[in-house]
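One-letter residues, chain by chain:
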Amino acid sequence: MKLVKGAWKVLVAIKDGLVLVFMLLFFILLFTVLSSRPNPRAVHPGALVVALDGTLAEQPEEPDPLAGLNGGEAVKQTGVRDVVRALDAAIKDDDVKAVVLDLDRFGGGLPASVSEVANAVGRVRASGKKVLAYATAYTDSGYAIAANASEVWMHPLGGTLFMGPGGSRLYYKGLIDKLGVNVHVYKVGKYKSYVEPYVRSDMSPEAREANQALSGAVLNEWQAGIAKARPQAKVAEMLAQPDAIVTAAHGDLAAANKAAGLIDRTGDRLAFGKRVAELAGKKDDKAEGNFRAIKLKDYLAAHPASTAGDEIGVLTVAGDIVDGKAGPGTAGGDSVSQLLLEGLKKHKFKALVVRVDSPGGSVLASEQIRQAILQAKAQKLPVVISMAGLAASGGYWISTAGDFIYADRATITGSIGIFGMVPTFEKTLAKIGVTSDGVTTTPISGQPDVYGGTNAATDTIFQAVIDQGYRNFITRVAEARKMTLARVDEIGQGRVWIGVTAQQLGLVDKFGGIDDAVAEAARRAGLDPAKVHPVYLAKAPDAWKSFLNDVLGGGDDDGSDWTDEPGGDDAFAKLAGARQAIAAQAIGDVRRLASVQGAQARCLECGGLAPVVVRRSDLSLLELVLAKFGG
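Only a predicted model underlies this, so the values are computations on that prediction, with no experimental measurement involved.

A.B. asks: Explain helix α2 (residues 80–90) to me, and be specific about the residues and the numbers.
C.D. replies: Looking only at α2, the buried set comprises Val-80, Val-83, Val-84, Ala-86, Leu-87 and Ala-90. Taken end-on, α2 shows its buried residues confined to a sector of 165°, consistent with a single buried face. Summarising the contacts, the buried residues of α2 are in contact with β1 (46–51), β2 (54–57), β3 (77–79), β4 (96–102), α3 (111–126) and α12 (296–302).

Structure below.
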């Protein structure tokens, strides 16, 4: 009996201990969540820190809170709209003594997105407020933003080399042939190069011509932006003769950059922090090199967007256009169209703005979204398209629903073309002694046969469907842009254009950002643009994911402990990291070949200008290849 009582006491003690442990963990988690949430009351006089960690995105993806637990890393993205709104609010805010741009871990962005942020930085500097930029080494995109700052700092052991757009692209035909895979391609558009990596071993003359023109135009816009913001910067020389300039500086990249007028001062994070403290004040309870910082998320919470006046709806179409449902950062046909239809029912919109930032995707989903936009027009609402960094292929298909199109000078658009791909594996199976056979009752029984290959009837039908899809595409463009079909076909054919050229061709109407589009929509609705406000249609964040991200995501790198935050990579590491990321993404393309379903309106060239976001699955494929063949 004593033994039973003793065991019972032990069990009770264990139970009480576990209860205490779980209560302690609960309160720790609660504290973590609450402390990581935006706090508008935490805004006090100091320097507004804009830490552009990861890439710029029109609509940031919802990060995977468990990525770090399975060996991956959560995709870090910063919303362009949030950064621009904070910078514009800081101009007249006396609490903001200076603005700090932390570009140490910046992964880049599309040319138009970078330009939008760079222009906002320029407005802050033009107001007389100090803007200080810091990075160990700048990327091309990072420097385009930093050039607009009052002071450009860089680590003395860092150094910057400009790459410019361009570089190698992987072609898989040799691998596909070795595997015995047949890739059946159905397409229209001699410049529609999305399928080329799967059916060629090199770039076609048409693709080379188009890519050269596009890359040259993007580089010209990049140089023009820097020349306007920082005339003393000898960018042309750094682009044309980087080896001669670095050699003349005896290999000291930072010294070469300074001599070329690219930067103002060199120093580590400690030295930079001391400089900011001179302007914004030193944090008394922190180590030397820290300063009074204002967190971006707290500042945005303290300065919410205006809700005064009439409502202008804003629908965002961002990322790959796919069939079905999808989360933020991917435009699911069902998800986006449903958001708009519910928004039209719930709100009393006076007009609609469609913000497009997409390289295209499924034709079916693109048309589904376009039809939803036409419902707004059926309600007599003016519809204005606002192109962000990308509005190509399916993105332009959707844009044909608008009454007026705004774009940035550096927007990538066009790519009016369509294709479909079907891989079959009859040769692959034959390599291992497997064959296929069967009976048919019609010319297309069992087609497309992934085991035995497609037949002539199937190929004819598929190509006819793609031809009709292209006719639908150019017809929509012709009607929307008031052109002849022949003219649209001439500037279509899958050719990709930069915004400057697209405006000359009549594919867009005017240069401007989202605010210009909202103002235009207001005017078309007979309203005063100063008396309206945008209402962004978006799905509410997943509460469970948000909770886990708050708990597991760790603190933000926001400058509150400047010297404790991780630094960036030097020029060599940045260049090497970019190449590894591209390799990982490219190897993942092979796997994605089999996932292409239905007619597609996608842009291959757009990927070469977008920041590379490596998925964990892609990196795993690269690691597998390296482990197999690396030694």
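Here the narrative resumes, following the displayed structure.
A.B. asks: Before we move on, can you summarise the pattern of salt bridges with the specific residues and values?
C.D. replies: Counted by the stated rule, this structure contains 22 salt bridges. Note that Glu-367 and Arg-370 form a salt bridge whose closest N and O atoms lie 2.9 Å from each other. Residue Glu-367 and its partner Arg-370 are located together in helix α14 (residues 363–378), separated by 3 residues, close to a single helical turn. The same class applies to Glu-367 as to Arg-370, namely buried. A salt bridge links Glu-367 to Arg-476; the shortest N-O distance between them is 3.2 Å. Highlighted residues: Glu-367 in helix α14 and Arg-476 in helix α17 (residues 456–481), separated in sequence by 109 residues. Per residue, the accessibility class of Glu-367 equals that of Arg-476, and both read buried. What emerges from the salt-bridge pattern is a single network uniting Asp-53, Asp-102, Asp-104, Arg-105 and Arg-269.

A.B. asks: Which residues make up the packing of α2 against α3, and what values go with them?
C.D. replies: The geometry of α2 relative to α3 is characterised by a closest axis approach of 9 Å and an angle of 10° between their N-to-C directions. Classified by the angle between their axes, α2 and α3 sit roughly parallel to one another. Contact residues: α2 offers Val-80, Val-83, Val-84, Leu-87 and Asp-88, while α3 offers Ser-113, Glu-116, Val-117, Ala-120, Val-121, Arg-123 and Val-124.

Analysis parameters
- Residues numbered from 1 in each chain as written.
- Predicted model: local features only at pLDDT ≥ 70, side-chain atom pairs only at ≥ 80, totals over all residues.
- Heavy atoms only, no water.
- Buried < 20%, exposed > 50% of the residue type's maximum accessible area, 1.4 Å probe, protein only.
- Helix = DSSP H or I, 4+ residues; strand = E, 2+ residues; numbered from the N terminus.
- Arc of directions from axis to C-beta.
- Contact = heavy atoms within 4.5 Å.
- Salt bridge = Lys/Arg side-chain N within 4 Å of Asp/Glu carboxyl O.
- Axes fitted to C-alpha atoms, helices over the stretch in contact; angles between N-to-C directions.
- Parallel < 35°, antiparallel > 145°, perpendicular 65-115°, else oblique.

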